[in-house]
Amino acid sequence: MPKVNPVILRWARETAGLNVEEAAEKIGLNAARGVAGSDRLTMLEAGKVEPSRPLLLKMAGLYRRPILTFYLANPPVAAARGEDFRTLPAGFAQRDAALVDTLLREVRARQDMVRAVLEAEDEADRLGFVGSLEGQRDPQVIAAAIQRALGFDLQTFRHGNQRKGFAYLRGCAEAAGIFVLLIGNLGSHHSALNVELFRGFALADPIAPFVVINDQDSEQAWSFTLLHELAHIWLGQTGLSGGRLNNAIETLCNDVAGRILLPTGEITTETSLVGASQDRVVARISAIAETRQVSHSMVAYKLYREGIIDENMWSSVTALFRQQWLRSKAVQRDRAREAEGGPSYYVVRRHKLGNRLVELAKRMLADGALSPSKAAAILGVKPSNVYPLTNSAA
């Protein structure tokens, strides 16, 4: 009978971003015979004690690893995350990095299953726009190509509020064949993904391209992030975006998103802001953001890129708007705790997954191409939730 490899136990915990105390608590490893739960876990990872089958199952669930992984001779080679376009702040937490890696691994697995079912059902049509502008460095060329392929109309996007604008843009992307997911944690608020480390992720696959947006970010920023990641798709780049803006490709993708949502001609007329006070700049940014259905930070970025405000002003107002958003988010969170009712689990889940992915699972279930368990893996839900979710209103 093969034995569990204690080296793998420790590796799985660390790559899940958990310290010994956190892991012991989450798997229910309590003190026994005067030995603390964390010490018992340390003994397991040192090979002094063999874990029971029930305990191993809890570890597999918590660490998000197949149970067979614990019997390997060596830790498996990490799956490629694609290019890392981020410039990370100093001293970012190892736990945050582990959570992002876990997310990428799970999304890649779901994408592989989607591509496999499309290929099995002879629906694996290659999308010509994926990688069609590889090597292109003119943001206007890329922006125009994305708008044409999506049939994106700026006035339609601006008609209504920012939530409706994002829904319209997302619908355009999904109609073109791109799966757009909103994921801000790995199943609970305890595993929330730090916006400073991850804003978006693009999988530039010609059959099943995926874009993931960190929904811990403000809703006002989602449209910009989606277009940023679409630029990566057109460039044929799989990779992770976020952190500080200090990368030529990230700047290019930001410029693409900015040109689509806020054309240069609408910004170059703001010359009265050259050398203006911060209060005046902030007030004008707020007015532009409200009428154009974009985030304050995006307007500030465009003003900076067009040379209307300098880098110091850009950094200052961006920090100000971020603090305002954090305060607003805290207030909304408190109100949500106090409020009764709200949208159902299935409505919220469908919104996060996107109609394209849910409708694909529904159709493949009806055709017998997917079992409920496979559909559950693609959707990231329990098998018992598959039919209620796929039958929920769009």
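This is a predicted model, so every value here is computed, not measured.

**Describing the overall build of the protein chain**
- Counting its secondary structure elements, the protein chain contains 17 helices and five strands.
- When the 394 residues of the protein chain are sorted by exposure, 46% land in the buried category.
- Residue pairs in contact within the protein chain that sit at least 24 positions apart in sequence constitute 72% of those at least 6 positions apart.
- Accessible surface, the protein chain: about 19100 Å² in total, of which carbon and sulfur atoms supply 51%.
- Distance between charge centroids for the protein chain: 4 Å, based on 47 positive and 42 negative side chains.

**Looking at unusual backbone geometry**
- Unlike most non-glycine residues, aspartate 122 shows phi in positive territory, near 55 degrees.
- Residue aspartate 122 is classed as exposed on the basis of its relative accessible area of 70%.
- A positive phi angle, near 60 degrees, is found at glutamine 293, a position not held by glycine.
- Here glutamine 293 shows up in the loop between helix H11 (278-292) and helix H12 (296-305).
- On the basis of relative accessible area, glutamine 293 is assigned to the buried category, the value being 12%.

**Quick notes on the side chain of aspartate 205**
- Positionally, aspartate 205 belongs in the loop between strand S3 (200-203) and strand S4 (210-213).
- Once residues within four sequence positions are removed from consideration, aspartate 205 is found in contact with Gln111, Arg115 and Val130.

**Some details on the environment of glycine 17**
- Checked against the element boundaries, glycine 17 lands in the loop between helix H1 (6-15) and helix H2 (20-26).
- For glycine 17, a relative accessible area of 8% gives the class buried.
- Distance in space between the C-alpha atoms of glycine 17 and leucine 29 is 18 Å, their sequence separation being twelve residues.

Calculation notes
Residues numbered from 1 in each chain as written. Predicted model: local features only at pLDDT ≥ 70, side-chain atom pairs only at ≥ 80, totals over all residues. Heavy atoms only, no water. Helix = DSSP H or I, 4+ residues; strand = E, 2+ residues; numbered from the N terminus. Buried < 20%, exposed > 50% of the residue type's maximum accessible area, 1.4 Å probe, protein only. Contact = heavy atoms within 4.5 Å. Areas by Shrake-Rupley, 256 points an atom, 1.4 Å probe, with all protein chains shown as cover. Lys, Arg positive; Asp, Glu negative; His and termini not counted. Charge placed at Lys NZ, Arg CZ, Asp CG, Glu CD.

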